[in-house]
Amino acid sequence: MSTWKKTTCTFCALHCGLEMEIEDNHIINVRPDPDNPRSKGYCCRKGRTSKYYQENADRLNYPLKRVGDGFERITWEQAIDEIALKLKGIVEKNGPRSVGFVGGAGANTHSSGPFSAALMGAIGSQYMFNPVGCEFMCLFWNMGKSLGRQFQFTEPDEERLEVLVMWGCNAYVSHQMINARAGIRELSEDPDKMFIVVDPRLSETARISDIHVALRPGTDSLLLRTMIALILKEGWQDQAYLDEHVSDFDKVKPWFENFDIEEGCRVCQVPYEEVHKLCKIFTTRKWGMHVDLGVFMGRHNTMTVSLQTILMCVCGQFLMPGGTVAMGALAPLGPETDDHDPAIWKLHATGYSPVVGVFPEGGLAPEILNDDPEHIRALLVGMSNPARSYPDTAKIIEALKSLELSVVCDVVMTETAQYADYVLPTATPYESYDFGIFQLDFPAFHFMLKTPVVQPEGERLETGEVWLRLADAMGYIPELPKALYDAAANKSRMEYFAELMGYLTANPQYMPISIFIIGKTLGKAMGSVQKAILWAVMMMTPPDFQEDVVSAGFTPGSAMMDDAFQAVCDNPQGIRLTCGKPENNFKYVKYEDKKIRLFVDVLDDYIKNITPEKEEQALCPSEEFPYILSAGSHMDAAHNGWMRNPDTYQYRKPCMLSVNPEDCKKLGVENGQKVRVTTKAGSAEIEVDATYKVRPGYVIMPHQFGFDFNGKRHGVGANLLTSTDDCDKLTGDPLWRYTLCRVEAV
Ligand SMILES: Nc1nc2c(c(=O)[nH]1)N[C@H]1C(S)=C(S)[C@@H](COP(=O)(O)OP(=O)(O)OC[C@H]3O[C@@H](n4cnc5c(=O)[nH]c(N)nc54)[C@H](O)[C@@H]3O)O[C@H]1N2
Ligand SMILES: Nc1nc2c(c(=O)[nH]1)N[C@H]1C(S)=C(S)[C@@H](COP(=O)(O)OP(=O)(O)OC[C@H]3O[C@@H](n4cnc5c(=O)[nH]c(N)nc54)[C@H](O)[C@@H]3O)O[C@H]1N2
Ligand code: SF4
Ligand SMILES: [Mo]
């Protein structure tokens, strides 16, 4: 007999509602859940193929230890004890800088993050690496400067806008907006609304836009500088907004004076008339913008985000109803780490600073592979696969091999795990409790806790539990009073809360490890440390978020967040947790005067170099590397590295390099034939997909391939071709969408 159970998809920040048919502890069917208050019966291909992620030949069941070239099964006790002993030895001998952590936060899986962060805090190391370090660094760095708070997502106010702008995002495929395909189609068919895509190629999203701004790859900053100059020259700026909401517009204004607008358009390869029309729309309509990897991994990424913020302010659209708004957050993704704060570490090898406590991915391998006595010697990896997802695969593998200790906790045997000393099996979010904090809906935020639909097989543990056990074995958790265990097991959660607060007030030195204390006590009582930590996260949510919880109908008071937690537990399809006020979005500006800052001194020199002449020179193809490689588009059938079973890709184009047919002719290659792509970092052979969707001189490969499944390699990894050097000089955010390369027939 099968039963249908409700859950939410774990692959991206949308958390679409799913119903899963379960028989004998296996997922046999998946369908979208009409009761989910956000997705309302929508889901994409990835959600429907969840069972390939849940069940596949490479799932890990038992802890493994490296022995020679292979692995042998060991017990959890042995694994944790040995790792704890070795890690302590390394830290005692070399200091806390010798330990790095990779992972802890995925696109959507955040329940183990508090545990990994607390473990690193207890060790005393700040070296945290995760995908913030390859995508959101430039955004968060800029938000830190302009709003005074780094961890701040901004999204279009879809309900109220007249024009939706997708800048460097292929949402029709990557689903980076609610019910993306349905929403985009609806919008593009609405005669009163407009859909604009800024993308150098004819992406699936651009194809159904009203206006496709097909700029030359890598010229976003130049286009933005040109547009702002044009708006100011025409006097179209929203001066009332600038006067009221921006504290230093006079300081950035000179960046756009005496600027050759027509030359800017020519170098970006966007006709002047089109730029003029775009500026008119942006200064007369309400428009909101979603920005993604085309910008975050594009040339000048940090500068581009800064100029986008200026553009939104000049048009009076930033933090305004119908414009681009700041999203609330149940919890911060990491600490605020101002690069001027001397207590914040910089990487020795590359000098990079963190943003929201996360270092750039390009800094990892160099920090392991250097002679500094304090270099990283031990790496803990949980929910990441740097051997595939970090730049320069050859260098990362060399780095992994050189480590004194490496530990990987994953659901499958990954390419990184293959080099680890210990490989620890973890439960998926369909076998455990899990949640993600990213908010993409506004003003209402719908939230859900994933509750197991199947039971974990073998000895798989929640990832959070693994880090808790390690912290315990390392001696970071004191013996806890019986009263705390009792309160967790036998009293109400609010009574437990009082007991916990009493203990922490009497023992303030244990505040930094309160996550572990809650995990050990309440987690034990609930049968899940990750569920318990959601309760703690909700109880500690910031006041600006709590205000919006009240607006969603919860009764204010000390137990409000506990009530909200209960509502989340009772509704596996999700609940409306908050309701923000679009007209009150300036509450997210953390400066006392509630005004946006646009001037940053280090940008002053940077922007002066973004001129038509200098850019034209810089963009000129070199003889050695005449092509631009967009290294890693996110394609439809897979989610990053999570879908390894090739059955997931059935009926889809496999891993191929998109090349314009004119270039194919020049190279003397036919569709389907192999070419060799060479960059300064490496070289790889890949089949050609001849398509007019990419312009001449520009080639694109997907990001999800180059993995081993069931003993066989599938496709080519994009990071065989990326370099740790190709990073933005301001933040270290990588420039993978603009990798110079050579293409040759083989
Ligand atoms: N199906 C699927 N969905 C996913 C994922 C997945 O793997 N598969 N991964 C998830 C994750 S982790 C992420 S971060 C998101 C990523 O979501 P997206 O950012 O939408 O993914 P990309 O495929 O990188 O699309 C970026 C777009 O930017 C364009 N672009 C490239 N260079 C430039 C440039 O110089 N300027 C501009 N303006 N545009 C440029 C590309 O042509 C492309 O259309 O997707 C998420 N959703
Ligand atoms: N060249 C190039 N490189 C890229 C990109 C690109 O476009 N081009 N995209 C970048 C982007 S946007 C991202 S987000 C990163 C993603 O890269 P990573 O940060 O490395 O993360 P993922 O590939 O999303 O997932 C890593 C691992 O998490 C495991 N996993 C799944 N569920 C769980 C769980 O519940 N617990 C644990 N412990 N593990 C789990 C999966 O099996 C997988 O092996 O890649 C980046 N790398
Ligand atoms: S859009 Fe697709 S991948 Fe994202 S949550 Fe929904 S079903 Fe899952
Ligand atoms: Mo990502």
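Reading the values: rules and limits
- Residues numbered from 1 in each chain as written.
- Chains lettered and ligands numbered in written order.
- Predicted model: local features only at pLDDT ≥ 70, side-chain atom pairs only at ≥ 80, totals over all residues.
- Heavy atoms only, no water.
- Near = heavy atom within 4 Å.
- Polar contact = N/O pair within 3.5 Å; in protein donor to acceptor, adjacent residues only side chain to side chain.
- Areas by Shrake-Rupley, 256 points an atom, 1.4 Å probe, with all protein chains shown as cover.
- Helix = DSSP H or I, 4+ residues; strand = E, 2+ residues; numbered from the N terminus.
- Nonpolar A, V, L, I, M, F, W, Y, C, P; charged D, E, K, R; others polar.
- Pairing = 2+ DSSP bridges.
- Contact = heavy atoms within 4.5 Å.
- Axes fitted to C-alpha atoms, helices over the stretch in contact; angles between N-to-C directions.
- Buried < 20%, exposed > 50% of the residue type's maximum accessible area, 1.4 Å probe, protein only.
- Phe/Tyr/Trp six-rings, centres within 6.5 Å; stacked < 30°, edge-to-face > 60°.
- Lys NZ or Arg CZ within 6 Å of the ring centre and 35° of its normal.

Colleague: Teacher, can you tell me more about the site of ligand 1 here?
Modeller: Ligand 1 sits among 31 residues. The nearest are Glu 135, Ser 174, Asp 199, Ala 638 and Gln 704. Here an oxygen atom of ligand 1 and a side-chain polar atom of Asp 199 are 2.5 Å apart. Coverage of ligand 1 by the protein amounts to 98% of the 910 Å² it exposes when considered alone. The set of elements that each furnish at least two residues to the shell around ligand 1 consists of helix H6 (171-174) and helix H14 (293-296). Of the residues belonging to the shell around ligand 1, the class tally is 11 nonpolar, 12 polar and 8 charged.

Colleague: I'm lost on the sheet that holds strand E16 (residues 422-425) in this one. Help?
Modeller: The pairing of strands in a sheet comes from backbone hydrogen bonds and takes either a parallel or an antiparallel form. In space, the 7 strands of this open sheet follow the order E5-E4-E16-E15-E14-E6-E7, with mixed pairing throughout. Looking at which strands have only one partner, the edges of the open sheet turn out to be strand E5 (70-73) and strand E7 (128-129). Sheet analysis places strand E14 (residues 378-382) next to strand E15 (residues 405-410), joined by 5 bridges and oriented parallel. Paired with Leu 379 across the two strands is Ser 406, which belongs to E15. Sheet contacts for helix H3 (residues 76-94): strand E4 (64-67), strand E6 (99-103), E14, E15 and E16; angle to E16, the most-contacted strand, approximately 135 degrees.

Colleague: Sorry if this is basic, but what is going on with unusual backbone geometry here?
Modeller: Most peptide bonds take the trans configuration, and most residues that are not glycine carry a negative phi. Pro 443 follows Phe 442 through a cis peptide bond whose omega is 0 degrees. Topologically, Pro 443 is positioned in the loop between E16 and strand E17 (444-447). In the Ramachandran plot, Met 383 falls in the positive-phi region, its phi being about 70 degrees despite a non-glycine side chain. With respect to the secondary-structure elements, Met 383 resides in the loop between E14 and helix H17 (386-389). Given a relative accessible area of 23%, Met 383 falls into the partly exposed group.

Colleague: Any chance you could explain the pairing of E15 here in plain terms?
Modeller: For a regular strand, side chains alternate in direction, first toward one face of the sheet and then toward the other. The buried fraction of E15 is high, at 6 of 6 residues. Across the two faces of E15 the burial is the same, with Leu 405, Val 407 and Cys 409 and Ser 406, Val 408 and Asp 410 all buried. Relative to E16, E15 is paired through 4 bridges, and the arrangement is parallel. What sits directly across from Val 407, in E16, is Tyr 422.

Colleague: Is there a simple way to explain the packing of aromatic side chains in this structure?
Modeller: Geometry of an aromatic ring pair is reported as the spacing of the ring centres plus the angle between the planes. Tallied over the full model, the rule gives 30 aromatic pairs. For the ring pair Tyr 503 and Tyr 510, a centre distance of 6.2 Å and an interplane angle of 15 degrees mean the geometry is stacked. Residue class for Tyr 503 comes out buried when judged on its relative accessible area of 12%. We classify Tyr 510 as partly exposed; its relative accessible area is 21%. Sitting over the face of the ring of Tyr 738, Arg 299 holds its NZ or CZ atom 5.5 Å from the ring centroid.

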